[in-house]
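Now for the letters of each chain:
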Amino acid sequence: LPNSIALQSGQKIPLVGLGTWQAKSEEVKAALEEALKAGYRHIDTAFNYTNEETIGNVLKEWMDAGKIKRNDIFITTKLPHFGNRPSDVPKYLKKSLQRLQLDYVDLYLFHHPFAFLPDSSGEVPAEENGNWVLDKGTDHLAIWKALEEQVDAGKAKGIGLSNFNISQIDRIIKNSRIPPVVLQVELHAYFQQKEIRHYCKEQGITVIAYSPLGSPGAKAHFMKKYNYSPDKFPDVLGTPAVSELAFKYKKTPAQILLRHLVQSGIPVIPKSANPDRIKQNFEIFDFDLSDSEMTQLDALDQGENGRIFDFLCWKGVQDHPEYPFQKIS
Ligand code: A2P
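None of the values given here were measured: they were computed from a predicted structure.

Caption draft 1: Broad picture of the site of the ligand. The full set close to the ligand counts 17 residues, and L213, S272, A273, R277 and N281 are the nearest of them. Take G214: an N or O atom from its main chain is 3.4 Å from an oxygen atom of the ligand. G217 is positioned such that a nitrogen or oxygen atom in its backbone is 3.2 Å from an oxygen atom of the ligand. Look at the ligand: alone it shows 570 Å² of surface, and the protein chains cover 83% of it. Going through the elements one at a time, helix 7 (216–226) and helix 10 (275–282) are the ones with two or more residues in the shell around the ligand. The leading source of residues in the shell around the ligand is helix 10, at three residues. Taken together, the residues of the shell around the ligand break down into seven nonpolar, eight polar and two charged.

The structure is reproduced here in structure tokens:
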């Protein structure tokens, strides 16, 4: 696989993957075709994104046409937060594999440490008075065991975590037979997750950056749907220091931000539905930032203040015993 790094499991993961959260199903088809043409071989999806079927159709077309082979591509999907029960693990992975038309995924992630109840269809969370219903009985160790069994069964090459905090990860590591190979978290110039990266490095866990551009697209969505304040969304792409480097290297601010993470050894999964931006997000392997430029970008970190995704839009989530972040009163 091109421009990839090795995971603790021996698997290779391409440093740039196509993120697909918030990509509408009809958009995903064109975006994925564009991405595959541009050379992407790593795709990040989730049961919750409701686009696995579209992704599966495109992959099948490309494989049937002989343009790609299964082991040329790296596919990640995730257990939904309303399937966070041991007996649900095989059920939801099976559904994802059917939709993706694959026999196995490269990574299956435990998407959120907290849980909601599913509705009777099993496709979406149950709602009561317009809010999702928490399931407070989440048992990480039992769920992890069920995930390990999916590795034994050959349905997932690797298993990992997303949106977990250090003590939650530590407890799983201490009680696991197969350790998590990755941790996927929000990570961008304003929120560099230095503590969790240090911890993961010691444990041999690869940290993957979601929202590596500061998720500019989520802003409108969250402000409208959840009444979030615009202050919650820093303009990471508009940072002057980033623009200056973009000018110097004849690159875009997005390419500078992605290069900064990739050059630090962090795989990134920027989402785009736009052909030019899909291409440009992949064209970050033909230049190097100097040590002092890397240090300058490292210094943009705002620590906890830079966090965008605290999940507080999901009413009551802080009351779940496994809510992973600092509680806000
Ligand atoms: P679009 O899909 O129209 O390209 P993140 O991965 O940090 O969540 O960011 C995704 C958002 O950033 C999407 O709204 C996407 O919009 C936008 N985006 C993706 N690539 C670029 C880029 N190269 N320059 C500017 N905006 C981008």
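Alright, that's what it looks like, and here's the rest.
Caption draft 2: Layout of the pairing of strand 6 (residues 105–110). For strand 6, a buried count of six out of six residues is recorded, marking the element as mostly surrounded by other parts of the structure. Here strand 5 (residues 74–79) pairs with strand 6 via four bridges, running parallel. Each bridged residue has a counterpart across the sheet, and for T77 the counterpart in strand 6 is Y108.

Caption draft 3: Spotlight on the pairing of strand 9 (residues 156–162). Counted residue by residue, strand 9 has six buried out of seven residues, so it is predominantly covered. Note: strand 6 against strand 9, five bridges, orientation parallel. Counterpart to L109 in the pairing with strand 9 is G160. With two bridges connecting them, strand 9 and strand 10 (residues 182–186) associate as parallel partners. Looking across to strand 10, one finds that S162 is bridged to Q184. Handedness of the crossover joining strand 9 and strand 10 through helix 5 (residues 166–174): right-handed.

Caption draft 4: Focus on helix 3 (residues 88–100). Over its 13 residues, helix 3 runs 18 Å from end to end, which matches the ideal 18 Å to within 8%, given 1.5 Å per residue. Of the positions making up helix 3, those classed as buried are D88, V89, Y92, L93, K95, S96, L97 and L100. Tucked into the core, helix 3 has its buried residues touching helix 2 (52–64), strand 5, strand 6, helix 4 (140–152) and strand 9. One or two steps after helix 3, the chain reaches Q101, where phi turns positive at roughly 55 degrees.

Each value, and the rule that gives it
- Residues numbered from 1 in each chain as written.
- Predicted model: local features only at pLDDT ≥ 70, side-chain atom pairs only at ≥ 80, totals over all residues.
- Heavy atoms only, no water.
- Near = heavy atom within 4 Å.
- Polar contact = N/O pair within 3.5 Å; in protein donor to acceptor, adjacent residues only side chain to side chain.
- Areas by Shrake-Rupley, 256 points an atom, 1.4 Å probe, with all protein chains shown as cover.
- Helix = DSSP H or I, 4+ residues; strand = E, 2+ residues; numbered from the N terminus.
- Nonpolar A, V, L, I, M, F, W, Y, C, P; charged D, E, K, R; others polar.
- Buried < 20%, exposed > 50% of the residue type's maximum accessible area, 1.4 Å probe, protein only.
- Pairing = 2+ DSSP bridges.
- Right-handed = clockwise from strand over helix to strand, strands pointing away.
- Expected span 1.5 Å × (residues − 1).
- Contact = heavy atoms within 4.5 Å.

The analysis is restricted to geometry; functional conclusions fall outside its scope.
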